[in-house]
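Each chain, written out:
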Amino acid sequence: MRSSPLPRMSRRGRVTIGVLVGVFLLFTLLSWGVQAWTDWLWFNEVDFTQVFTGMLFTRLLLFAVIGLAMGAIVGGNLWLAYRLRPSLRPHSAEQATLERYRMLLGRRVGLWITLVAVVVGVFAGLSAQTRWSQWLLFRNGGDFGVDDPEFGVDIGFYVFQLPFWRYLLGVGFTTVVLALLGALAVHYVYGGIRLQGVGDRITNAARAHLTSLVAAFVLLKAVAYVLDRRVMLLEYNDGVNLYGAGYADVNALLPAKEILAYISVVVAIAIIVFSNAVMRNLVWPGISLALLGVSAVAIGGIYPWAVQTFEVRPSEKDKEAPYIQRSIEATRASFGLADTQPVRYAANNLTPPESLSTDTNVVQNIRLLDPQLVSETYTQRQQVRQFYDFGEKLDVDRYTVDGRTQDYVVGLREINYRQLSGQQNTWINRHTVYTHGYGLVAAPGNRVVCGGQPYFVSGFLDDANDQQEEQNAQGERCTSSADTIPTEQPRVYYGERMEPGDYAIVGQTDPERNAEFDRPVGDSGDGAGPGEFYTYTGSGGVDIGSFPRRLLYAVKEQESNFLLSDRVNENSKLLYVRNPRDRVEKVAPFLTVDGDPYPAVVDGRIKWIIDGYTTSVSYPYAERVNLQQETADELTGRGTFQLARENVNYIRNSVKATVDAYDGTVTLYQFDENDPVLKAWNKAFGGELVRPKAEIPAELSEHFRYPADLFKVQRNLLTRFHVTDPGDFYSAQDFWQVPSVPDNPDSGQRQPPYYLYTQFPGQEEPRFQLTSAVTPNGRQNLAALISGSYVGGEPRLEVLDLPDQTRISGPVQVHQQMTNNADIRQQLNLLSSNQAQVQYGNLLSLPFANGMLYIEPVYVKTNQENAPPLLQRVLMSYGDGGSYVVLANSVSEGIEALVEQGKRAGNQAPPPPPAEGGENPPETPATPPAPMTGDLAAAANEVQAAITELRAAQTSGDFGRYGEALKRLDEAMAAFQRAQQAAGGASGTPAPTGSPAPESPSPSPGG
């Protein structure tokens, strides 16, 4: 009796394994089913079910078609190999060993083949369903109306067709290889291929089968060579550090690919003919394959290398010039830079002009509030309760109030569930009580009050907006007496502070029983009193009143309280996916979403505005960039979301999306009407997924701003691709770079761009624009200013290009020159101590009167717990960054000081000519100043007393006392200067020890 080739498993073991497999499949299917059902309910809530069904059906289709095709081909070849097995096999030790495996397969060989085919098909289908986006673009893509410069093929082929063709080719290669390996194994097990024994080592049937599969592989290789000719236009050209086919590629590799495609077809035919019709052996087919390999190395490798080395490299600049031109033009077209032409800005005025003091378009609109720094002040002054949060960075938008348009720093008072205390952080409190935030808090960007605080004008917690007591000791108003940016619905259920698990259950059966904490209110309107409660009345949310719905979400969230808690009733709704970016990404998964959503009041409601990009990585000759790398700067992860590591060489801001902060309504508006990629996606999902641009409400469009991440990508590309001459581009002599953070250049982080409502040279009126300075590559002087704005609803990117040898300093140089000025350094030292630190806001670069005006707000933050940074001074410079510098309290006073410095410089006599030898004669020692008496001495004593009080305030950590001490010092300095002028000794009387120089007064905090 023959022994079994493998030990048999007991019946109990088989049952156990079957049960475990069944339980695994049950829970897997249950998890998939729950996820699919809840997704359907969510998409139905936001009225985007066409996205859910379109993606689901597409994935199922690809899973079924690719899985069945691949499984059928692999399984069919296994079955064919089994059917072609020889009926007689010579006896040998090898065959005796294989007999055990043949017995194991036995009569169940069909079952084993089916099992292998199913496994292959499942994995192939799972891989295929992830290609749903490529398939939808393949089916729905159209033309770009632009042909590639080499083959004259429309760009649409590369963006829509080529990626899916390449995927299908990969599937074909994988299928043939698996079929070949499987057939080879079956032929070996059943004796079609033998390594031992007499006679032929392979049967005719096995040889015909296997050589046919090899021939199919070679034919697929021929197709690959044809597609490679198109793919060459997307590959990297090492010689010139650009993308796209270069001289050697076009003149050597391109024809080589065509020749290799023909050779592959010939080799495939030769393999079949010589293996089965003529020689009937594998010698000549093997020789054919070897020749194909040699041809691929010689024609496709050595020849292009020789052309590159001996023909191109010695005169690379001239040979590659046409192909560099192609890359420049393609990159500028694919990234929306084609219409951007640098405009010369002379920047030859180094003296502050008198027109600075009368300007109404630039100076009056200078934004002092830094959205990153003042977020702490918003939190401290407007948070009221610890669970409210404004985030690490606020946003900048513009509003028209009382007929005047200016920029405002805005933030939403959101719920932050990470800040709930122990008793507050129960399930009921977290999900049914603390459900929403309250109010959009805004402050003008160019105004500070009450010791350096923002002047809040909206988002008050009191209905009456009675802010009469929001004043300091001097009677100065700290907030507006009325809400100047009113909202009809100030509650915030959807916001940036929401994470995936932060769902809310709203709705009550008893109209008199409000369960949701709405806002803290008090007699003074400061939120110090008890809270009011509220019940959600919006249309958003998924109904979970029925038992099946409650059970469904209990399983999804793994939370039994959905079934047990009386807070969940027949009127309950579940709000989830509450982050605006997450909602837009879910309803439009084909979009790349900007990392900086921002809120705006539109038609009395708070709307989140999110920019959506359509992208591609298949635009011929265009530069390829990584979005995560190109958009990273100092603010990434600190109030802005980091983008994924996505490589792109085409991008358009095609969609403006809005999310209602109260009910979560998502609306997609078409913004770029000429983008073929968006048209393809809209067609793929029924044609009504995105609303036409004409339907954008006028009030909403007034709050559109140039998107930050797109601007960063375009700015970084312009540092190279502003050069349009191929020869100059190859030399790389006029390339730019983005400067580092001015106050911390050693960090290596890029200076973020900044939003301003201002007017640049060549612009007819002030615009809300995103601006960035760039410097020459490897140097720190200013090279250009790049700005992005909307004109007539269309994006416009502009470049002010400074002369090559400009004396205008760049941001890093200007900051160093201003803070290293002796007088200013002395004043900055007074502001900082062991108990306080100086922080610098946005360094703004503003072109004005053929010169450059730099503005940098100075904040002071004490070491006292929770003390916010307050704006105390403004650093200002004009010209080359070091000649005219002031540290003032306000922009108006700083402008006056700069203009006065310019006047004094214009009245100064030129320096005496140098003496023989090139040196000036030694100066006569100055006469020691006379001692101070009378009013001058009293004023000096008052300055010294003020300095002593300032230092004491710093040590105490009392920020209110510190602000009063600063104001006292400013008043004392002003009195001292008046006493100097009255004594007629302004130039000869020294300033009191430890005080700022009198010619650079430091006024009190204000507007």
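These lines cover the structure that appears in this document, whether it is placed above or below. All chains use their own residue numbering, which begins from 1 and follows the written sequence. For this predicted model, a pLDDT threshold of at least 70 governs which residues receive local features, and a threshold of 80 or more governs which side-chain atom pairs are given and counted, while totals over whole chains, interfaces and linings are taken from all residues. Heavy atoms throughout the structure, all of them, feed into the side-chain values; hydrogens and water do not.

## Focus on the overall build of the protein chain
And step 1. Here a helix means four or more residues in a row that DSSP labels H or I, a strand means two or more in a row labelled E, and each is numbered from the N terminus. Along the protein chain, the regular secondary structure elements total 26 helices and 34 strands.
And step 2. Note on exposure labels: buried denotes an accessible area under 20% of the residue type's maximum, exposed denotes more than 50%, and partly exposed covers the range between, all computed with a 1.4 Å probe on protein chains only. Scored against the burial criterion, the 1007 residues of the protein chain give a buried share of 53%.
And step 3. In this description, contact between two residues means that some pair of their heavy atoms is separated by no more than 4.5 Å. Partitioning the intrachain contacts of the protein chain with sequence separation of at least 6 by distance along the chain shows that 69% fall at a separation of at least 24.

## Regarding the sheet that holds strand β13 (residues 504–506)
And step 1. Only strands that DSSP links by at least two bridges are regarded as paired with each other. Spatial ordering of the open sheet is given by β13-β17-β16, a layout of three strands whose pairing is antiparallel. This sheet does not close on itself; its edge strands, each paired only once, are β13 and β16 (542–543).
And step 2. Here two bridges tie β16 to strand β17 (residues 573–575), and the two strands are oriented antiparallel to one another. Bridging from a neighbouring strand, Val542 pairs with Leu574 of β17.

## Section: the pattern of salt bridges
And step 1. The salt bridge definition used is simple: a Lys or Arg side-chain nitrogen within 4 Å of an Asp or Glu carboxyl oxygen. By the definition in use, this model includes 31 salt bridges.
And step 2. Taking the shortest distance from any N to any O, the salt bridge between Asp502 and Arg430 comes out at 3.3 Å. Taken together, the residues Asp502 in the loop between β12 (491–492) and β13 and Arg430 in helix α13 (residues 427–433) connect sequence positions 72 residues apart.
And step 3. By relative accessible area, Asp502 is classed as buried at 3%.
And step 4. Asp596 is the partner of Arg705 in a salt bridge, and the nearest nitrogen-oxygen pair spans 3.1 Å. With Arg705 in the loop between α19 (698–701) and α20 (708–721) and Asp596 in the loop between β18 (592–593) and β19 (598–602), the pair connects residues that are 109 residues apart, well separated along the chain.
And step 5. Under the relative-accessibility criterion, Arg705 is labelled buried at 3%.

## Description of the pairing of strand β23 (residues 650–660)
And step 1. Counting buried positions along β23 yields eleven of eleven residues, so the element is predominantly enclosed.
And step 2. Bridging between strand β20 (residues 605–616) and β23 involves nine bridges; their strand directions are antiparallel. Residue pairing in the sheet places Thr615 in a bridge with Ile651 of β23.
And step 3. Taken together, the five bridges between β23 and strand β24 (residues 666–670) define a ladder with antiparallel strand orientation. In the sheet register, Lys656 faces β24, and the bridge partner there is Tyr669.
And step 4. Hairpin remark: β23 followed by β24, antiparallel, with five residues in the connecting loop; positive phi at Gly664, about 75 degrees.

## Considering the packing of helix α2 (residues 49–83) against helix α5 (residues 132–140)
And step 1. Relative orientation of the contacting elements α2 and α5 amounts to 100 degrees, with a least axis distance of 10 Å. Considered as vectors, α2 and α5 are oriented roughly perpendicular to each other. For the pair formed by α2 and α5, the contact residues are Met55, Thr58, Arg59, Leu61 and Leu62 on the first element and Trp132, Trp135 and Leu136 on the second.
And step 2. Looking at side-chain class alone, the contact of α2 with α5 contains six nonpolar, one polar and one charged residues. All axes are obtained by fitting lines to C-alpha atoms, using only the stretch in contact for helices, and the reported angles, taken between N-to-C directions, cover 0 to 180 degrees. Roughly parallel here means an angle under 35 degrees, roughly antiparallel means over 145, roughly perpendicular means 65 to 115, and every remaining angle is called oblique. Each residue gets one of three labels, nonpolar for Ala, Val, Leu, Ile, Met, Phe, Trp, Tyr, Cys and Pro, charged for Asp, Glu, Lys and Arg, and polar for the others, Gly among them.

## Notes on helix α4 (residues 109–129)
And step 1. Helix span, expected: 1.5 Å multiplied by one less than the number of residues in the helix. Across its 21 residues, α4 extends 30 Å between first and last C-alpha, which sits within 8% of the 30 Å expected from 1.5 Å per residue.
And step 2. For α4, every residue scored as buried is listed here: Val109, Ile113, Ala117, Val120, Gly121, Ala124, Gly125, Ala128 and Gln129. Projected onto a plane normal to the axis of α4, the buried residues spread over an arc of 155 degrees and lie on a single side. Away from its buried face by more than 90 degrees, α4 exposes Leu111 and Phe123. Working definition: the arc comes from the directions between the helix axis and the C-beta atoms, pointing outward to the latter.

## Brief notes about the environment of Val433
And step 1. Looking at where Val433 falls in the secondary structure, it is placed in helix α13.
And step 2. Each C-alpha atom, one on Val433 and one on Thr535, is 9.8 Å from the other, the two residues being 102 residues apart in sequence.
And step 3. Setting aside its immediate chain neighbours within four residues, Val433 contacts Ile428, Ala515, Glu516, Phe517, Phe533 and Arg567.

## Description of the sheet that holds strand β5 (residues 395–401)
And step 1. One open sheet holds the three strands; their spatial order is β5-β6-β9, and the pairing between them is antiparallel. Each having just a single partner strand, β5 and β9 (440–444) make up the two edges of the open sheet. When strand polarity is set aside, the average angle formed by the axes of neighbouring strands in this sheet is 40 degrees.
And step 2. Bridging between strand β6 (residues 404–412) and β9 involves five bridges; their strand directions are antiparallel. Bridging from a neighbouring strand, Leu412 pairs with Leu440 of β9.

## Describing the packing of aromatic side chains
And step 1. Here is the rule: rings of Phe, Tyr and Trp (six-membered ring for Trp) pair when centre to centre is within 6.5 Å. Planes less than 30 degrees apart are stacked, more than 60 are edge-to-face, and the remainder are tilted. Summed over all chains, the structure comprises 43 aromatic pairs.
And step 2. Note on Trp427 and Phe562: the rings are 6.1 Å apart at their centroids and 70 degrees apart in plane angle, and the pair reads as edge-to-face. In this pair, Trp427 is assigned in helix α13 and Phe562 in helix α15 (residues 561–564), connecting sequence segments 135 residues apart.
And step 3. Ring centres 5.9 Å apart and planes at 35 degrees place the aromatic pair Tyr706 and Tyr790 in the tilted group. Note that Tyr706 is positioned in the loop between α19 and α20 and Tyr790 in strand β28 (residues 784–791), a separation of 84 residues in sequence.
And step 4. Here Tyr790 falls in the buried class, since its relative accessible area comes to 16%.
And step 5. Ring-pair connections join several aromatic residues into one group, and the members of that group are Trp135, Phe138, Phe164, Trp165 and Tyr167.
And step 6. One residue, Arg491, lies across the ring of Tyr534, its end atom 3.9 Å from the ring centre.
And step 7. Note that Lys586 overlies the ring of Trp42, its terminal NZ or CZ placed 5.5 Å from the centroid. To sit over a ring, a charge needs its Lys NZ or Arg CZ within 6 Å of the ring centre and within 35 degrees of the ring normal.

## Concerning the side chain of Asp663
And step 1. For Asp663, the position within the fold is in the loop between β23 and β24.
And step 2. Aside from chain neighbours lying at most four places away, what touches Asp663 is Glu45, Tyr494, Tyr536, Ser539, Gly540 and Arg605.

## Section: the packing of α2 against helix α6 (residues 155–189)
Angle between the axes and distance between the axes are the two parameters that describe a pair of packed helices.
And step 1. Between α2 and α6, the shortest axis-to-axis distance is 8 Å and the interhelical angle comes to 25 degrees. One element, α2, and the other, α6, form an angle in the roughly parallel class. Our pair here, α2 against α6, has a crossing hand that is right-handed. Of the residues in α6, those in contact with Leu62, Ile66, Met70, Ile73, Val74, Asn77, Leu78, Ala81 and Tyr82 of α2 are Phe164, Tyr167, Leu168, Val171, Thr174, Thr175, Leu178, Ala179, Gly182, Ala183, Val186 and His187.
And step 2. Taken together, the residues that form the contact of α2 with α6 break down as 16 nonpolar, five polar and no charged. The sense of a crossing depends on the near helix, which, turned anticlockwise from the far helix by less than a right angle, makes the crossing left-handed and, turned clockwise, makes it right-handed.

## Structural notes on the nonpolar core
And step 1. Grouped together as the largest cluster of nonpolar side chains are 225 residues, with contacts concentrated most on Leu668 and Leu853.
And step 2. Ranked by residue count, the leading element in this core is α6, at 14 residues.
And step 3. In contact with Leu853, other than residues within four places in its own chain, are Leu356, Ile366, Leu844, Ser845, Leu846, Met876, Ser877, Tyr878, Ile895 and Leu898.
And step 4. We call a set of buried residues a nonpolar core when its members are Ala, Val, Leu, Ile, Met, Phe, Trp, Tyr or Cys and they connect through side-chain atoms within 4.5 Å of each other. Among the nonpolar cores identified, the runner-up in size contains eleven residues, and Val943, Ala946, Phe976 and Ala979 belong to it.

Such coordinate-based values are descriptive only and should not be taken to indicate function.
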